[in-house]
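# Structural overview for review
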Amino acid sequence: MPPPAPVHFDLVHAGDPRYRGGTASALRGEIALAHGWGLRAALLPFLGRRGGKVQGFDPRIVALMDATGFPLLDAATPASCDILLAHHPHVFQTMPDRPVALRPARVVLVLHHPPVDAAGVAQYDLDRVIRNLERVFAVPVQLAPISALVRAQLLRLGQDPARMLAHDLWNVIDMVEYPPRDRPPPRAQAVIGRHSRADPMKWPADPEAIRAAWPDDPGLEVQILGAAPLPGGMARPANWTVLPFREEGVDDFLSRLDFYVYFHHPDWVEAFGIAVAEALAKGLVCILPPSFKPLFGAGAVYAEPAEVRGILAQFMARPDEYARQSRAARAMIDERYSIEAGKGRLQRLWSDLGLELPRDLALRTEAEERPGAVPPAPLPALVAAPPPCRVLLVCGNGIGLGHVTRLMAIARRLPAWVEPVFLTLSLGTEILRAQGFSAEYVATHMKQGVTGAGWNEAFALELRALLDATGARMVVFDGNDAFPAIRALIPHRRDVAWVWLRRALWQEHHQINPATLPLFDMIIEPAELAGDEDRGPTRQEGRVERVGTILLHDPGDCLPRAEAAARLGLDPARKAVLLQLGSSRNFDMAPLRRAALAALRGMPEVQVLEIANPLASPPEPAPDDPPRRAVFPLAPLGRAMDLLITAPGYNSFHEAVFGAVPALFVPNQDGIMDDQPLRAAYAASTGLGLALTVAGGARVGGLIRQGLTPEFAQSVAARAARLPPPRGAEETARLLVELLLSVRTDRPLATGQARL
């Protein structure tokens, strides 16, 4: 069978959609421009150089791509294009970890950052970047300065003018994202502000310049979006409010300002200033250094920091002049840098490269350009399904089924081209196989009767052999800490992406292993409903991607009561209490169990069913014990339960709460467990459940009666309906897919190869 014909695009963007700040805004503008003018376009994602853990794609880029159906192109998909725009030199300083099948007619390196700073320090090796791109795509590389300032630097550095596009490829602002402010001109009081990444180079080096540009004045309020790394131990002025940087909150932030004031470090060279362009698009009066005048002309006011206070006073005293300058700001962006003005930019790009536009360009109508509010897509749109690949899901033993269940929830949300393979120390391996997954089991050292050191040596060999046998491109480990075997293997298998799925809500005496943190490419933390009350060590760990609650089953997918009751062997017309108190392998729930059963025997109108833990050997039943069933998964049968008595492990707790199942939570208080007492207390505090400790068996009868009342069930259902959708499994699957699809240039090629 002949291979499929390559897909052809007018334009492909290659870049790292994880970069934040101005680079992300620039890429978002490029996507909006291509979509707005009807180009056949796609994004080839790279994973470029970074200083910390791998993040997910920029949320605003994800939202735009989902809303417009803008597709991702996998590196292995045969494709061609007229023009490949390679965004940001930092992304291409290292050769990619895999071949790229795309064949462009032209390659253009977009210089979002100048080659050197104001002190003459090189920011990247431009010649090396050019060589890398030419060797990957086998065509000459043209350079696209995004401003006259970058072009001038290139010429001073001796770059051949023939290699540069004739016209600057400036950034694009989508005016739809920045509707005009509904705010009168300021008079006696004004709000001034700015937004940027937490980079000291984005601020003046002189404290006096900062005090002058953002004055501590009773008539002024200063708002900063993003950190304010002040120099020389300078104290933060009393009228400043510093807000955490959130990419999706920029428009709301700018809407609250009257003036936008931006000055930067003397060693910093601003290639374009897209943050400033966003402020101008909102119609803010912007006060900037004179270096921005060639870019923004009459749209802004140019001054030195010492002149800012006088300019503010002048505009506050003349509201008509303020309104005129506000209109001029927005009009300048609209005329020069907007999507609507982008046709000429596209025509010049094709012409500079000696190409003809593939067709007459027509701007989409507003309705076509913005399809409207849509729920987040579970997975990104793809040009074509990539070649099949495998992901290895590794879970520690665990006392229950928590690790297995979370990984299974994610595996079910992966696309068809990703095959999950499990390697587990859990006795729940047979459950995985029964659910249709490929699963390998390795007994713990305690079960094998060997030393921990010997077991880890053998497990490292087992894991390496499974990686070789499956060809897996990613390992996802769910556990509280990576085994020594995993920590020893990771440095030798950097050809594989390593992801740590680590839940929060640790007990305060627990500690994060500092040897584990730097090894993994990405750390994913599923949400905890009680997360605001978390006092464990993970709450201070900022190098994680936080997703929603991970559940195996969507709460809306529960079976009707009659069908669920039939599955459990219950009478749907009678009240039903289910007991699910865990494996008791490390904490004795027997006293509470006995007390609960004794109380229930005094309630003949109630039917009782005990859910046996699939991992535990069932005790010998007493003559008056209720029926016992091993059921997995239990969540889809929630409507058959009038009360569930259960330990609040991660899965049991969140399944009950999100499923609106009336529950009495009895925490496992072993010191190695997560903070189950906190989950139980949170449920009781918020009215989402009842709580009782094992020592409180004398109260169990009263709590069971309370839990069986219609009023309690109605209250739980009403409160559960207000919870955010538990989409953590979908969000995690998307993070993994984005990482699998990204061409890795974030480390030297030599360190990304498998080593013995």
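Residues numbered from 1 in each chain as written. Predicted model: local features only at pLDDT ≥ 70, side-chain atom pairs only at ≥ 80, totals over all residues. Heavy atoms only, no water.

## Here's the deal with the overall build of the chain
For the chain, the count of helices and strands is 24 helices and 25 strands. Against the globule reference of 27 Å for 756 residues, the chain gives a C-alpha radius of gyration of 30 Å, in line with a compact fold. Accessible surface computed for the chain: about 30,300 Å², of which carbon and sulfur atoms make up 54%. For the chain, the distance from the average site of its 79 positive side-chain charges to the average site of its 82 negative ones is 1 Å. (Helix = DSSP H or I, 4+ residues; strand = E, 2+ residues; numbered from the N terminus. Rg over C-alpha atoms; globule rule 2.2 N^0.38 Å. Areas by Shrake-Rupley, 256 points an atom, 1.4 Å probe, with all protein chains shown as cover. Lys, Arg positive; Asp, Glu negative; His and termini not counted. Charge placed at Lys NZ, Arg CZ, Asp CG, Glu CD.)

## So, the environment of Ala733
Along the polypeptide, Ala733 turns up in helix α24 (residues 728-741). For Ala733, the contacting residues outside a window of four places in its chain are Leu379, Ile410, Arg413 and Leu414. (Contact = heavy atoms within 4.5 Å.)

## Side note on the pairing of strand β7 (residues 220-225)
With five of its six residues buried, β7 lies for the most part within the structure. On the question of chirality, the crossover connecting strand β6 (residues 190-195) to the parallel β7 by way of helix α5 (residues 207-213) is right-handed. When β7 meets strand β8 (residues 240-243), the two strands line up parallel, connected through four bridges. When the sheet's bridge partners are listed, Leu225 is paired in β8 with Leu243. (Buried < 20%, exposed > 50% of the residue type's maximum accessible area, 1.4 Å probe, protein only. Right-handed = clockwise from strand over helix to strand, strands pointing away. Pairing = 2+ DSSP bridges.)

## Comments concerning the environment of Asp481
Note that Asp481 resides in the loop between β15 (474-478) and α17 (484-489). Among the residues examined, Asp481 registers a relative accessible area of 28% and is labelled partly exposed. Each C-alpha atom, one on Asp481 and one on Leu501, is 9.9 Å from the other, the two residues being 20 residues apart in sequence. Sequence-distant contacts of Asp481, that is, excluding residues within four places in its chain, are made with Arg487, Trp500, Asn513 and Thr516. At a separation of 3.0 Å, a polar atom in the side chain of Asp481 contacts the side chain of Asn513. Polar contacts involving the side chain of Asp481 include one to the side chain of Thr516, which spans 2.6 Å. (Polar contact = N/O pair within 3.5 Å; in protein donor to acceptor, adjacent residues only side chain to side chain.)

## Describing helix α1 (residues 22-36)
An ideal rise of 1.5 Å per residue puts 21 Å on 15 residues; α1 measures up with 21 Å between its terminal C-alpha atoms. Across the 15 residues that make up α1, a large majority, 13, are buried. Where α1 terminates, the next one or two residues include Gly38, which has phi positive at roughly 75°. (Expected span 1.5 Å × (residues − 1).)

## A short note on the packing of helix α7 (residues 274-281) against helix α10 (residues 319-336)
Running from amino to carboxyl end, α7 crosses α10 at an angle of 120°, the nearest separation of the two axes being 7 Å. Taken as axis vectors, α7 and α10 run oblique relative to one another. Contact residues: α7 offers Ala277, Leu280 and Ala281, while α10 offers Ala329, Arg330, Met332 and Ile333. Of the residues belonging to the contact of α7 with α10, the class tally is six nonpolar, no polar and one charged. (Axes fitted to C-alpha atoms, helices over the stretch in contact; angles between N-to-C directions. Parallel < 35°, antiparallel > 145°, perpendicular 65-115°, else oblique. Nonpolar A, V, L, I, M, F, W, Y, C, P; charged D, E, K, R; others polar.)

## Some words on the sheet that holds strand β22 (residues 643-646)
The six strands are arranged β21-β20-β19-β22-β23-β24 in an open sheet whose pairing can be described as parallel. Each edge of the sheet is formed by a strand with only one pairing partner; in this case those strands are β21 (628-630) and β24 (690-691).

## Examining α10
When the terminal C-alpha atoms of α10 are compared, their 26 Å separation across 18 residues agrees well with the 26 Å that a helix rising 1.5 Å per residue should span. Every buried residue of α10 is accounted for by Pro319, Tyr322, Gln325, Ser326, Ala329, Met332 and Ile333. Taken end-on, α10 shows its buried residues confined to a sector of 150°, consistent with a single buried face. Residues of α10 that are exposed and point more than 90 degrees away from the buried face comprise Asp320, Arg327 and Glu335. Taken together, the buried residues of α10 touch β9 (259-261), α7, β10 (285-288), α8 (293-296), β11 (301-302) and α9 (308-317). (Arc of directions from axis to C-beta.)

## A few points about the nonpolar core
Grouped together as the largest cluster of nonpolar side chains are 140 residues, with contacts concentrated most on Leu102, Leu109, Phe137, Phe296 and Ile333. Broken down by element, this core gets its largest block of residues, eight residues, from α24. In this view, Leu102 contacts Val12, Leu44, Leu73, Ala75, Thr77, Ala79, Ser80, Cys81, Leu84 and Phe137; residues no more than four positions away in its chain are not counted. In this structure, Leu570, Leu578, Val631 and Leu688 belong to the second largest nonpolar core, which totals 33 residues. (Core = buried A, V, L, I, M, F, W, Y, C linked by side-chain atoms within 4.5 Å.)

## Digging into the pairing of strand β17 (residues 522-526)
Where burial is concerned, most of β17 is hidden: five out of the five residues are buried. Judged by which residues are buried, β17 turns out to be covered on both faces: Met522, Ile524 and Pro526 on one side and Ile523 and Glu525 on the other are all buried. Alignment of β17 against strand β18 (residues 545-547), held across three bridges, turns out to be parallel. Within β18, the position partnered with Pro526 by the bridge is Val547.

## As for the packing of aromatic side chains
Summed over the entire model, instances satisfying the criterion amount to 20 aromatic pairs. Residues Phe46 and Phe92 carry aromatic rings whose centres are separated by 5.1 Å and whose planes lie at 70° to one another, so their mutual orientation is edge-to-face. You can see Phe46 sitting in strand β2 (residues 41-47) and its partner Phe92 sitting in the loop between β3 (79-87) and β4 (102-111), a full 46 residues away along the chain. Arranged with centres 6.3 Å apart and planes meeting at 55°, the rings of Phe259 and Phe315 form a pair that is tilted. Placement of the pair is Phe259 in strand β9 and Phe315 in helix α9, with a sequence separation of 56 residues. Comparing Phe259 with Phe315, the two get one shared label, buried. For the cation-ring pair, Arg406 lies above Tyr650, with the distance from its terminal atom to the ring centre recorded as 5.1 Å. (Phe/Tyr/Trp six-rings, centres within 6.5 Å; stacked < 30°, edge-to-face > 60°. Lys NZ or Arg CZ within 6 Å of the ring centre and 35° of its normal.)

## Overview of the sheet that holds β8
Spatial strand order, β8-β7-β6-β9-β10-β11: six strands in an open sheet with parallel pairing. Each of the sheet's edge strands pairs with one partner strand only, and the pair in question is β8 and β11.

## Observations regarding the pattern of salt bridges
Applying the stated criterion across every chain yields a total of 41 salt bridges. Here Arg413 makes a salt bridge to Glu730, at a shortest N to O gap of 3.5 Å. One end of the pair, Arg413, is in helix α13 (residues 402-413); the other, Glu730, is in helix α24, and 317 residues separate them in sequence. For Arg413, a relative accessible area of 18% translates into the label buried. For Glu730, a relative accessible area of 14% puts it in the buried group. With a shortest N-O distance of 3.2 Å, Arg601 and Asp624 are connected by a salt bridge. In this pair, Arg601 is assigned in helix α19 (residues 590-601) and Asp624 in the loop between β20 (606-612) and β21, connecting sequence segments 23 residues apart. Residue classification places Asp624 among the partly exposed residues on the basis of a relative accessible area of 47%. (Salt bridge = Lys/Arg side-chain N within 4 Å of Asp/Glu carboxyl O.)

## Topic: the state of the cysteines
Under the criterion given, the structure shown has zero disulfides. Just so you know, Cys389 is unpaired, no disulfide at all, and the nearest cysteine sulfur is the one on Cys395, 19 Å from it. Here Cys389 falls in the buried class, since its relative accessible area comes to 7%. (Disulfide = S-S within 2.5 Å.)

## Points about empty space enclosed by the protein
It is the rolling of a water-molecule-sized probe over the atoms that shows where space remains empty. Evaluated as defined, the whole model comprises eight cavities of 30 Å³ or more. By volume, the largest cavity amounts to about 70 Å³. Surrounding the largest cavity, Leu551, His553, Asp554, Pro555, Asp557, Cys558, Ala635, Pro636, Glu655, Phe658 and Gly659 form its lining. Its residues assigned to classes, the lining of the largest cavity shows six nonpolar, two polar and three charged. (1 Å grid on protein atoms, 1.4 Å probe; cavity = no way out; pocket = protein on both sides within 12 Å on 5 of 7 lines; lining within 4 Å. Points joined across faces, edges and corners; volume = space filled by probe spheres on them.)

## A word on the packing of α1 against helix α2 (residues 59-68)
The contact between α1 and α2 brings their axes to 9 Å, and the two run at 10°. As judged from the angle between their axes, α1 and α2 are roughly parallel. Where α1 abuts α2, its residues Ala24, Ser25, Leu27, Arg28, Ile31, Ala32 and His35 lie against Arg60, Ile61, Leu64, Met65 and Thr68. Along the lines of polarity and charge, the residues of the contact of α1 with α2 split into seven nonpolar, three polar and two charged.

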